[in-house]
Amino acid sequence: MNKFCPASIFVFALLTVMGCNNNPEIQGSFEGQVIRVELLSQFEGKAVPIDLDPRFVIVIYVTQSSLNEIPVEQQAAFCIHSPTRLFAKQPEQIVGQSFRFILKDGDLKVEDN
């Protein structure tokens, strides 16, 4: 008999409620400024999950984009595991900074702009 882990069901429900919808078909690049970094549990809105274990949300003001799904002059939010791991910097060092973001196969990579 298969048993479901209550914690797994809770995480799935939380991600569904938080609006995290993984879409690996979205591929391309965009540039933007990091507006804020916050805990996923405190985020209100929709965000695209990037990691399997998302704990933070980064909100980016998009200045250039090759993607129809990520329009210019709008904010985009992504669920990530760790801003320190993604940017190799502390969260307070990335807010207000501009970066080039590359989405490929459901993964987000960052380059200094």
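On a predicted model such as this, the values are computed, not experimentally measured, just so you know.

1. Some remarks on the sheet that holds strand S5 (residues 98-104)
With respect to topology, 6 strands assemble into an open sheet ordered S2-S4-S3-S1-S5-S6, the strand pairing being mixed. Each edge of the open sheet is held by one strand with a lone partner, namely strand S2 (48-49) and strand S6 (107-112). Two elements, strand S1 (residues 28-39) and strand S3 (residues 56-65), share 9 bridges in a ladder whose sense is antiparallel. Each residue of the ladder has a partner; that of glutamine 33, found in S3, is tyrosine 61.

2. Notes on the confidence of the model for the protein chain
Low pLDDT means the predicted atomic positions in that stretch should not be read closely. Averaged over every residue, the pLDDT of the protein chain is 81; the share at 70 or more is 78%. Throughout residues 1-21 the model reports pLDDT below 50, and contacts reaching past four residues in sequence, or to other chains, amount to 19 contacts.

3. Thoughts on the packing of aromatic side chains
Under the definition given, this model contains 5 aromatic pairs. Summarising the aromatic geometry, the rings of phenylalanine 30 and phenylalanine 78 are spaced 5.7 Å apart at their centres and angled 15 degrees between planes, so their arrangement reads as stacked. In this pair, phenylalanine 30 sits in strand S1 while phenylalanine 78 sits in strand S4 (residues 75-80), placing the two residues 48 residues apart along the sequence. Residue phenylalanine 78 is classed as buried on the basis of its relative accessible area of 2%. Both rings, one in phenylalanine 87 and one in phenylalanine 101, keep their centres 6.2 Å apart while their planes meet at 80 degrees; by these two values the pair is edge-to-face. Of this pair, phenylalanine 87 sits in helix H2 (residues 83-87) while phenylalanine 101 is found in strand S5, placing the two residues 14 residues apart along the sequence. The structure contains a cluster of three or more aromatic residues connected by ring pairs, namely Phe30, Phe78, Phe87, Phe99 and Phe101.

The rules behind each value
- Residues numbered from 1 in each chain as written.
- Predicted model: local features only at pLDDT ≥ 70, side-chain atom pairs only at ≥ 80, totals over all residues.
- Heavy atoms only, no water.
- Pairing = 2+ DSSP bridges.
- Helix = DSSP H or I, 4+ residues; strand = E, 2+ residues; numbered from the N terminus.
- pLDDT = per-residue confidence, 0-100.
- Contact = heavy atoms within 4.5 Å.
- Phe/Tyr/Trp six-rings, centres within 6.5 Å; stacked < 30°, edge-to-face > 60°.
- Buried < 20%, exposed > 50% of the residue type's maximum accessible area, 1.4 Å probe, protein only.

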